[in-house]
Amino acid sequence: MDLFESLKGKINGKNIKIVFPEGVEPRIIGAAVRLKADQILDPVLLGPIDRIKDVAANNGFNVGNLTLIDPNTYPEADFATMVAAFVERRKGKATEEQAQAILRDGNYFGTMLVYLGEVEGMVSGIVHSTGETVRPALQIIKTKPGVSRTSGAFIMQRGRDQERYLFSDCAINIDPSAQELAEIAVQSAKTAELFDIDPKVSMLSFSTKGSAKSPQVDKVAEATKIAQELAPEYVIDGELQFDASYVPSVGAQKAPGSPVAGQATVYVFPELQSGNIGYKIAQRLGHFEAIGPILQGLNKPVSDLSRGANEEDVYKLAIITAAQSLQ
Ligand SMILES: CC(C)(COP(=O)(O)OP(=O)(O)OC[C@H]1O[C@@H](n2cnc3c(N)ncnc32)[C@H](O)[C@@H]1OP(=O)(O)O)[C@@H](O)C(=O)NCCC(=O)NCCS
Ligand SMILES: CC(=O)OP(=O)(O)O
């Protein structure tokens, strides 16, 4: 079954609320209206309410049945509760006065709605940078026990037969250590399972099984060992080049006997330059649909759109985020 049909089946009827801090952006409004009309979830749009309504009307959308919240006119008592919870969570890193100002920002406000359980997840980043979008989640939602770093994965899918892979980290960790890379690999295998991908994890490099020598290659080889120890239940191998991971004949030649070579479904990039460039090449030249980044390992789901996203990308990432909230 199509991934999104299967995910819709899981989230339908559960009244899952997803907050969109960029409520005045037409691509967000269009997706939110569709998500509500299709009875998939309950979108909450943030922003000046008159502006949201004006933008919606100018783009032919009716937001009459959506929840609209302006952080600047949020009821005083509710805002005071939010400020107190933020100060408590930041434990000495923000004063009450700082919190009063910070929480008028849509990404902080939306993240606090998630933290306080008012909504199940957040989707933002269509006009904000990744830092602006995810920093509140890193500070407030934080990672699950046993996970030290969150990372950003993309579901990459293409064609009628839904060729589907997971790519990571394409969004967050600029130069992860071997230990961090190993954790990213394990988190990626878990994310893959959630989205019906049987994880065969390739730890990518410009070298296959020692064909090149360098500290960068050593890092990936070490990360592979750590990941295999951390999660022996998953099939993880490396270091492997992309062709050895993807093309069966090349995999058999370069890495004979590897349980991943030539059949990888989860591609773990060694650092963010290659991860972010790699997913965009597959998307723009390879015509893969890139759904994400899906933040892995957070206590509650927050997703960061690419600024190049269209309405359909927003619609799909909201469904993914809602599905993550059921984990
Ligand atoms: C994600 C990013 C913004 C975080 O940077 P930052 O906010 O400067 O990070 P800091 O080191 O100041 O840490 C801020 C907080 O987040 C936490 N944090 C930082 N990175 C984290 C990670 N990967 N996972 C979990 N927590 C993290 C820190 O522990 C800190 O928490 P604290 O304030 O409670 O102590 C930064 O790593 C980055 O810019 N990454 C690249 C993003 C990007 O441009 N991607 C390409 C487009 S998608
Ligand atoms: C994921 C990503 O690359 O985001 P952006 O295109 O907004 O930088």
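Values in this document were obtained by computation on a predicted structure and should not be read as measured data.

A. Structural detail: the site of ligand 1. The full set close to ligand 1 counts 18 residues, and Arg-90, Lys-93, Arg-135, Thr-150 and Ala-171 are the nearest of them. Here a nitrogen atom of ligand 1 sits 3.3 Å away from a polar atom, N or O, in the side chain of Arg-149. The backbone of Ala-171 places a nitrogen or oxygen atom 2.8 Å from a nitrogen atom of ligand 1. Secondary structure elements with two or more residues in the shell around ligand 1: α7 (130-141) and α12 (272-284). Ranked by residues supplied to the shell around ligand 1, first place goes to α7 with 5 residues.

B. Highlighting unusual backbone geometry. In the segment running from Ser-168 into Asp-169, the intervening peptide bond is cis, with an omega of -20°. Topologically, Asp-169 is positioned in the loop between β6 (163-168) and α8 (178-194). Cis peptide bonds are those with omega within 30 degrees of zero, and the linkage from Gly-238 to Glu-239 qualifies with -10°. The backbone phi angle of Asp-196 is positive, close to 60°, even though this residue is not glycine. Relative to the assigned elements, Asp-196 resides in the loop between α8 and β7 (200-204). We note that Lys-209 has phi near 50°; this positive angle belongs to a residue other than glycine. Checked against the element boundaries, Lys-209 lands in the loop between β7 and α9 (215-230). Here Lys-209 falls in the partly exposed class, since its relative accessible area comes to 42%.

C. Representation of the packing of aromatic side chains in the model. All told, the structure shown has 10 aromatic pairs when counted by the stated rule. With a centroid separation of 6.1 Å and an interplanar angle of 90°, the aromatic rings of Phe-86 and Tyr-108 are classed as edge-to-face. Placement of the pair is Phe-86 in helix α4 (residues 76-90) and Tyr-108 in helix α6 (residues 106-115), with a sequence separation of 22 residues. The class of Phe-86 is buried, set by a relative accessible area of 1%. Their ring planes at 20° and their centres at 3.7 Å tell us that Phe-154 and Tyr-279 sit as a pair that is stacked.

D. The arrangement of the site of ligand 2 in detail. Inspection of the region around ligand 2 gives Phe-154, Asn-276, Tyr-279, Lys-280, Pro-293, Ser-306 and Arg-307 as its neighbouring residues. Side-chain polar atom of Lys-280 to an oxygen atom of ligand 2: 2.9 Å apart, as the coordinates give it. The contact in question runs from an oxygen atom of ligand 2 to an N or O atom on the side chain of Arg-307, over 2.7 Å. Relative to its unbound accessible surface of 260 Å², ligand 2 loses 86% to contact with the protein. It is α12 that contributes the most residues to the shell around ligand 2, 3 residues altogether. Among the residues forming the shell around ligand 2, the class breakdown is 3 nonpolar, 2 polar and 2 charged.

The rules behind each value
Residues numbered from 1 in each chain as written. Chains lettered and ligands numbered in written order. Predicted model: local features only at pLDDT ≥ 70, side-chain atom pairs only at ≥ 80, totals over all residues. Heavy atoms only, no water. Near = heavy atom within 4 Å. Polar contact = N/O pair within 3.5 Å; in protein donor to acceptor, adjacent residues only side chain to side chain. Helix = DSSP H or I, 4+ residues; strand = E, 2+ residues; numbered from the N terminus. Buried < 20%, exposed > 50% of the residue type's maximum accessible area, 1.4 Å probe, protein only. Phe/Tyr/Trp six-rings, centres within 6.5 Å; stacked < 30°, edge-to-face > 60°. Areas by Shrake-Rupley, 256 points an atom, 1.4 Å probe, with all protein chains shown as cover. Nonpolar A, V, L, I, M, F, W, Y, C, P; charged D, E, K, R; others polar.

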